[in-house]
Amino acid sequence: MSRRLLITLEPNVLRWARERSRIDLERLAKKIDVKPERVLEWEHSGRISVAQADKLAHHTHTPVGFLYLPEPPEDQLPIPDLRSRRKDVTANPSPDLLETAYLMQRRQAWMHDELLEEGSDPLDFVGAFKDKSDHFQVANAMRASLQLEENWASRLPTWSDALSHLREQADLAGLLVVFTGIVGNNTSRKLDKDEFQGFALVDDLAPLVFVNSADYQVAQMFTLAHEIAHLFVGESGLTGFNYHQPPDNATEQFCDRTAAEFLVSEDELRAYWPTARNMEDPYQAIARRFKVSNLVSARRALDLDLVSLEAFLEFYEESRATTWLRKRPTNSGGNFWNTQRWRIGPRFGAAVARAVKDGRLLYQEAYSLTGLKRDTFEKLPEQMGVTL
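A.B. asks: Just checking my understanding: could you explain the overall build of the protein for this structure?
C.D. replies: Summing up its helical and strand segments, the protein has 19 helices and eight strands in all. With the C-alpha coordinates aligned to their principal axes, the bounding extent of the protein is approximately 75 × 55 × 40 Å. When burial is assessed residue by residue, the protein has 52% of its 388 residues classed as buried. Working note: accessible area of the protein is about 18900 Å², and carbon and sulfur atoms make up 48% of it. Both charge centroids of the protein, one from 48 positive and one from 57 negative side chains, sit 7 Å from each other.

Take a look at the structure:
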């Protein structure tokens, strides 16, 4: 079939592909190197060349076969959608979110089979608190399983140190921990922090927590704790926070309370509050002590009746223009392998490298699972400190 051949596809499907990818008409036209009027014509008549259909599929991250369907398919998230969405954020999952979720499921399935083959025992804390009756109990169990003391974060000098320590302890406890703000290793496909903050995939051998590192660093601490709580109650789910009000979903409410208690224990905050409230910025003082965001600090103070709802709402509105809402992390710069360590996950990276060395996994599959290419993958054991 000549790539210049004109074919007629369903206009609604072509429009769906563009809208699904969240690319406006002008941007898509520029990527395909045509005028916006041409894209508009496709979406009205369906007349498009084979080559242009291939380009459209590529730039909208749509499987090319989908463009030939008689009607737009319905995208289904492979995990429960528990997001508390704002009215201005669409509920439909983007291709970036879908591909990320599918990749994490592939990694988890591979790791589950690997651990099963090795005769590993299931992790006893996964799903140990299905009744969700006592968030204090679950928070204490999380600290015990991750070998953390109640006031562990206050002993560390910075937010970065606290976040690094928490994810290292989660990895050591048997979790697959992934932090990334892009799809796979494609730096041109950045994840949207407004679409989701993270998700948890429950498995008794290879539980996985994913944190969208496109979000603000101080917010990532709460997301990680929230996703770990999901594992303890045995419920997978996609998380998207709306800090202005509590979530509707009962599991999300419980995981929020558990994460808050895990990071900012009630007893310790009540003991510290007389000092904090006399400071110029009480919420910032709490945030620095517990290594959480100012917003989590304020929300915690509200939930413990240390401040009024009016005071919290006033703070929330004032904070919408402050640095923590404006400043976004970047995925560029820094040490490549420091980034890859958590984009892949230490536990998972080590397992893949060992499986390749032992001849139980083909190199091509290892490249696909890790997102690394040949020369880079060869450096993984040394750069990530993996003992083979």
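A.B. asks: Even after reading the chapter, I still don't get the pattern of salt bridges, so can you show me in this structure?
C.D. replies: Opposite charge on two side chains lets them pair, provided their charged atoms get close. Using the criterion set out here, one finds 18 salt bridges in the structure. When the shortest N-O distance is used, the salt bridge between Glu168 and Arg341 registers 3.0 Å. Placement of Glu168 in helix H7 (residues 159-172) and of Arg341 in helix H15 (residues 336-344) is noted, with a sequence separation of 173 residues between them. The residue Arg360 makes a salt bridge to Asp358 at a minimum N-O spacing of 3.3 Å. What emerges from the salt-bridge pattern is a single network uniting Arg15, Arg18 and Glu43.

A.B. asks: Before we go on, may I ask you to explain the confidence of the model for the protein in this structure?
C.D. replies: Mean pLDDT over the protein stands at 91; residues scoring 70 or higher make up 93%. Per-residue pLDDT stays below 50 along residues 323-327; that stretch engages in nine contacts with residues further than four places along the chain or on separate chains.

A.B. asks: For this particular structure, what's the right way to read the side chain of Gln340?
C.D. replies: Residue position: Gln340 is located in helix H15. Contact partners of Gln340, with chain neighbours within four places excluded, come to Asn185, Gly345, Leu372 and Met384.

A.B. asks: Explanation requested: the packing of helix H12 (residues 294-303) against helix H13 (residues 309-319) in the structure shown.
C.D. replies: Relative orientation and spacing of two packed helices are given, respectively, by the angle between their axes and the distance between those axes. The interhelical angle for the contact between H12 and H13, taken along N-to-C directions, is 170°, at an axis separation of 9 Å. Taken as axis vectors, H12 and H13 run roughly antiparallel relative to one another. Every residue of H13 that contacts H12 at Asn294, Leu295, Ala298, Arg299 and Leu302 is listed here: Leu309, Phe312, Phe315 and Tyr316. Here the contact of H12 with H13 is composed, by residue class, of seven nonpolar, one polar and one charged.

A.B. asks: Would you take a moment to explain the environment of Arg343 for this structure?
C.D. replies: By the element assignment, Arg343 lies in helix H15. For the pair Arg343 and Asn185, spaced 158 residues apart in sequence, the C-alpha to C-alpha distance is 8.2 Å.

A.B. asks: Please explain the packing of aromatic side chains as it appears in this structure.
C.D. replies: The description of an aromatic ring pair uses the distance of the two centres, along with the angle that the planes make with each other. For the structure on display, the rule yields 14 aromatic pairs. With 6.2 Å between their ring centres and 25° between their planes, Phe196 and Phe199 make a pair best called stacked. With a relative accessible area of 0%, Phe196 lands in the buried category. Here Phe199 falls in the buried class, since its relative accessible area comes to 0%.

A.B. asks: Help me understand the packing of helix H2 (residues 25-32) against helix H4 (residues 50-59), please; the structure alone is not making it clear to me.
C.D. replies: It is at 10 Å that the axes of H2 and H4 come closest, and there the two elements cross at 120°. Classified by the interaxial angle, the pair formed by H2 and H4 is oblique. For the pair H2 and H4, the crossing hand works out as right-handed. Residues Leu28, Lys31 and Ile32 of H2 pack against Lys55, Leu56 and His59 of H4. Along the lines of polarity and charge, the residues of the contact of H2 with H4 split into three nonpolar, one polar and two charged.

A.B. asks: Just checking my understanding: could you explain the pairing of strand S7 (residues 208-212) for this structure?
C.D. replies: Along any regular strand, the residues point their side chains to alternate faces of the sheet. Counting buried positions over the five residues of S7 gives five, a clear majority of the element. Here S7 shows two buried faces, one formed by Leu208, Phe210 and Asn212 and the other by Val209 and Val211. In this structure, strand S3 (residues 176-180) lies alongside S7, joined through five bridges in parallel fashion. Counterpart to Leu176 in the pairing with S7 is Leu208. As defined by bridge partners, strand S6 (residues 198-201) adjoins S7 across four bridges and the pair is classed as antiparallel. From the neighbouring strand, Leu201 faces S7, where its bridge partner is Leu208. What sits between the antiparallel neighbours S6 and S7 is a turn of six residues.

A.B. asks: Explain unusual backbone geometry to me, please; I cannot follow it from the model alone.
C.D. replies: Trans is the common state for peptide bonds, and a negative phi is the common state for residues other than glycine. Of note, Lys132 is a non-glycine position whose phi angle comes to about 50°, a positive value. Tracing the sequence through the fold places Lys132 in the loop between helix H5 (95-118) and helix H6 (135-145). Lys132 gets classed as partly exposed once you look at its relative accessible area, which sits at 22%. Non-glycine residue Lys291 carries a positive phi angle of around 60°.

What counts, and at which threshold
- Residues numbered from 1 in each chain as written.
- Predicted model: local features only at pLDDT ≥ 70, side-chain atom pairs only at ≥ 80, totals over all residues.
- Heavy atoms only, no water.
- Helix = DSSP H or I, 4+ residues; strand = E, 2+ residues; numbered from the N terminus.
- Buried < 20%, exposed > 50% of the residue type's maximum accessible area, 1.4 Å probe, protein only.
- Areas by Shrake-Rupley, 256 points an atom, 1.4 Å probe, with all protein chains shown as cover.
- Lys, Arg positive; Asp, Glu negative; His and termini not counted.
- Charge placed at Lys NZ, Arg CZ, Asp CG, Glu CD.
- Salt bridge = Lys/Arg side-chain N within 4 Å of Asp/Glu carboxyl O.
- pLDDT = per-residue confidence, 0-100.
- Contact = heavy atoms within 4.5 Å.
- Axes fitted to C-alpha atoms, helices over the stretch in contact; angles between N-to-C directions.
- Parallel < 35°, antiparallel > 145°, perpendicular 65-115°, else oblique.
- Nonpolar A, V, L, I, M, F, W, Y, C, P; charged D, E, K, R; others polar.
- Phe/Tyr/Trp six-rings, centres within 6.5 Å; stacked < 30°, edge-to-face > 60°.
- Left-handed = near helix turned anticlockwise from the far one by under 90°.
- Pairing = 2+ DSSP bridges.

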